[in-house]
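The residues making up each chain are set out below.
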Amino acid sequence: MAPTKRKGGHASLQGKRPDNTAGVKRPVSNNPGRIKNKLKRSEMYGKYLLEKKAQKRQSRIQREKEAEALGEDAPKKAPPRTLDNTRESEATSVQPDDEEILADEAEDEFAPYFSDEIRPKILLTTRPCPSSDLFHFIADLMRFFPQLYYYPRKSYSVKEICTFGSNRKFTHLIVLSEKSKVCNGMLISHLRPSTAANGLGGPTAFFKVSNVIPSTDVPNNGSATSHVPELNLHGFTTRLGHRAGRFLGSLFPHNAQFQGRQVATFHNQRDFIFVRHHRYVFEEGREINKESGKKKTKARLQELGPRFTLKMRWLQEGTFDTQFGEYEWFHKRKEMDITRRKFHL
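Quantities reported herein were computed from a predicted structural model and do not represent experimental measurements. (Residues numbered from 1 in each chain as written. Predicted model: local features only at pLDDT ≥ 70, side-chain atom pairs only at ≥ 80, totals over all residues. Heavy atoms only, no water.)

**Regarding the overall build of the protein**
Phase 1 of the analysis: Per the secondary structure count, the protein includes seven helices and 11 strands.
Phase 2 of the analysis: Expected size for 345 residues packed as a compact globule is a radius of gyration near 20 Å; at 30 Å, the protein overshoots this value by more than 25%.
Phase 3 of the analysis: Once the C-alpha set of the protein is aligned to its principal axes, its extents read approximately 105 × 70 × 45 Å.
Phase 4 of the analysis: The contacts in the protein between residues at least 6 apart in sequence include a share of 67% that link residues at least 24 apart.
Phase 5 of the analysis: Within the structure as shown, the protein displays about 23600 Å² of accessible surface, and the carbon and sulfur contribution to it stands at 51%.
Phase 6 of the analysis: Side chains of the protein carry 60 positive and 40 negative charges; the gap between the two charge centres is 13 Å. (Helix = DSSP H or I, 4+ residues; strand = E, 2+ residues; numbered from the N terminus. Rg over C-alpha atoms; globule rule 2.2 N^0.38 Å. Contact = heavy atoms within 4.5 Å. Areas by Shrake-Rupley, 256 points an atom, 1.4 Å probe, with all protein chains shown as cover. Lys, Arg positive; Asp, Glu negative; His and termini not counted. Charge placed at Lys NZ, Arg CZ, Asp CG, Glu CD.)

Dropping the structure here:
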């Protein structure tokens, strides 16, 4: 007699979930992303946000009651958690007064600029066939950097321009790139040979440029004068950050003319370098000094422009050479951007 088949067959063939015969407990997830229905998923996520908000409000009310009951003995309010104060420690972080760092910086390629032995002379050019809008940014840069000279790119390669600049005693080369008529890249190459670079030029760095605001669009902007500005390098805390900061600082003469009351700022925050140009303005305030009987003098900053943000993509030894040049540092997104709390500058 032939064996009879079970009616309906396997559970998976009946549209049912098969039994977990392995005896392994599957974790229950509260993530609404597992819900396939879009309306139900959005509804559950909305409920989750409301519950989270209610719990946060209840904990705040509880803390306020405890603080009121304890009075002066109440614990201080905890500072908010930010990306800056929860930053992961970098192995190459250095202190400002580190003797080893100071000794290295006294002998690097940029030491003659910071000691005012050499004044920088910058050659500026663009990509081939630049748009007319890029020249507004070039005009702002010529007011921002002292001793900056623009030369049209024509059909010359960057290597040929490096040779041309070094033969004419230029110390730096800046090449601007653009996309959709907005500057989106800045290549900076140090052309002057130095003993620190074995008698050669370099280094060369490429920065991504973003958030470009010309001087005319800056609110309540002033007009820059020909005075050499003071230099403010802030937020560079690692070995790489010190090198990048000194590279940018070498673009300015270090004989600031204080009567111009101008300051150029490179502020590094989360590996983004914010570039600003200001002037100190002194005005009479409303308050009166009791001793002298005169009105107190108030100081404020007037922005001159332009504004833009830099993010370093790579740093190369020597002058520009993408084929045979050796990279000191290269930003690898998939390997370096695995967490939002790790910064390199």
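**Quick notes on a positive patch on the surface**
Phase 1 of the analysis: Residues Lys 52, Lys 56, Arg 63 and Lys 77 make up a contiguous surface patch of positive charge.
Phase 2 of the analysis: With respect to the helices, strands and loops of the structure, Arg 63 is situated in helix α1 (residues 38–70).
Phase 3 of the analysis: Note on Arg 63: relative accessible area 52%, which makes it exposed. (Patch = residues over 30% accessible without salt bridge, like charges linked within 9 Å, V, L, I, M, F, W, Y side chains within 5 Å. Salt bridge = Lys/Arg side-chain N within 4 Å of Asp/Glu carboxyl O. Buried < 20%, exposed > 50% of the residue type's maximum accessible area, 1.4 Å probe, protein only.)

**Overview of the layout of surface pockets**
Phase 1 of the analysis: The volume enclosed by the largest pocket comes to roughly 360 Å³.
Phase 2 of the analysis: Taken together, 13 residues line the largest pocket, and the ones lying closest to its centre are Arg 63, Pro 75, Lys 76, Lys 77 and Ala 78.
Phase 3 of the analysis: Here the residues of the lining of the largest pocket are counted per class, giving six nonpolar, no polar and seven charged. (1 Å grid on protein atoms, 1.4 Å probe; cavity = no way out; pocket = protein on both sides within 12 Å on 5 of 7 lines; lining within 4 Å. Points joined across faces, edges and corners; volume = space filled by probe spheres on them. Nonpolar A, V, L, I, M, F, W, Y, C, P; charged D, E, K, R; others polar.)

**Some words on the packing of aromatic side chains**
Phase 1 of the analysis: Under the definition given, this model contains 15 aromatic pairs.
Phase 2 of the analysis: Arranged with centres 6.4 Å apart and planes meeting at 55°, the rings of Phe 144 and Phe 266 form a pair that is tilted. With Phe 144 in helix α4 (residues 134–144) and Phe 266 in strand β7 (residues 262–269), this residue pair connects regions lying 122 residues apart in the sequence.
Phase 3 of the analysis: The class of Phe 144 is buried, set by a relative accessible area of 2%.
Phase 4 of the analysis: Accessibility expressed as a relative area gives 1% for Phe 266, which makes it buried.
Phase 5 of the analysis: Site record: aromatic cluster; members linked through ring pairs are Phe 144, Phe 145, Phe 252 and Phe 266.
Phase 6 of the analysis: Taking NZ or CZ as reference, Lys 121 lies 5.9 Å from the ring centre of Tyr 149, over its face.
Phase 7 of the analysis: A cation sits over an aromatic face here: Arg 246 above Phe 114, 4.3 Å from the ring centre. (Phe/Tyr/Trp six-rings, centres within 6.5 Å; stacked < 30°, edge-to-face > 60°. Lys NZ or Arg CZ within 6 Å of the ring centre and 35° of its normal.)

**Structural notes on the environment of Val 263**
Phase 1 of the analysis: Assignment of secondary structure puts Val 263 in strand β7.
Phase 2 of the analysis: Among all residues touching Val 263, those that are not within four sequence positions of it are Pro 229, Glu 230, Asn 232, Arg 276, His 277, His 278 and Tyr 280.

**Some remarks on the pairing of strand β10 (residues 307–316)**
Phase 1 of the analysis: With respect to burial, β10 is a largely interior element, eight of its 10 residues being buried.
Phase 2 of the analysis: By the bridge criterion, eight bridges tie strand β5 (residues 204–213) to β10 in an arrangement that is antiparallel. Considered in β10, the bridge of Phe 207 is made with Met 312.
Phase 3 of the analysis: Where strand β8 (residues 272–288) and β10 come together, three bridges link them in antiparallel fashion. Residue pairing across strands places Val 275 opposite Phe 308, the latter belonging to β10.
Phase 4 of the analysis: Relative to strand β11 (residues 327–330), β10 runs antiparallel, the two sharing three bridges. Within β11, the residue paired with Leu 315 across the bridge is Trp 329. (Pairing = 2+ DSSP bridges.)

**Topic: the state of the cysteines**
Phase 1 of the analysis: Evaluated as defined, the whole model comprises zero disulfides.
Phase 2 of the analysis: The structure places no disulfide on Cys 183, whose sulfur is separated from the nearest cysteine sulfur, that of Cys 129, by 16 Å.
Phase 3 of the analysis: By relative accessible area, which is 4% here, Cys 183 ends up buried. (Disulfide = S-S within 2.5 Å.)

**Concerning the side chain of Gln 302**
Phase 1 of the analysis: With respect to the helices and strands, Gln 302 occurs in strand β9 (residues 295–303).
Phase 2 of the analysis: Residue contacts for Gln 302: discarding those within four places in its chain leaves Asn 220, Asn 221, Gly 222, His 277, His 278, Arg 279 and Val 281.

**Some thoughts on the nonpolar core**
Phase 1 of the analysis: In terms of nonpolar packing, the biggest core is built from 38 residues, with Leu 176, Met 186, Leu 310 and Met 312 touching the most fellow members.
Phase 2 of the analysis: It is α4 that contributes the most residues to this core, five residues altogether.
Phase 3 of the analysis: Cys 162, Phe 170, Leu 191 and Phe 320 belong to the second largest nonpolar core, which has 11 residues in total. (Core = buried A, V, L, I, M, F, W, Y, C linked by side-chain atoms within 4.5 Å.)

**Some details on the pattern of salt bridges**
Phase 1 of the analysis: If you walk through the whole model with that rule in mind, you get 14 salt bridges.
Phase 2 of the analysis: Measuring nitrogen to oxygen at the nearest pair gives 3.3 Å for the salt bridge that ties Glu 178 to Arg 127. Placement of the pair is Glu 178 in strand β3 (residues 172–179) and Arg 127 in the loop between β1 (122–126) and α4, with a sequence separation of 51 residues.
Phase 3 of the analysis: The buried category is assigned to Glu 178, whose relative accessible area is 7%.

**Overview of a nonpolar patch on the surface**
Phase 1 of the analysis: Among the surface-exposed residues, Tyr 45, Tyr 48 and Leu 49 lie close enough to one another that they form a single nonpolar patch of about 310 Å² accessible area.
Phase 2 of the analysis: Positionally, Tyr 45 belongs in helix α1.

**Thoughts on unusual backbone geometry**
Phase 1 of the analysis: Note the cis peptide between Gly 202 and Pro 203, where omega equals 10°.
Phase 2 of the analysis: For the bond running from Gly 305 to Pro 306, omega is 0°, close enough to zero to count as cis.
Phase 3 of the analysis: Of note, Pro 306 is situated in the loop between β9 and β10.

Geometric values such as these leave the question of function open.
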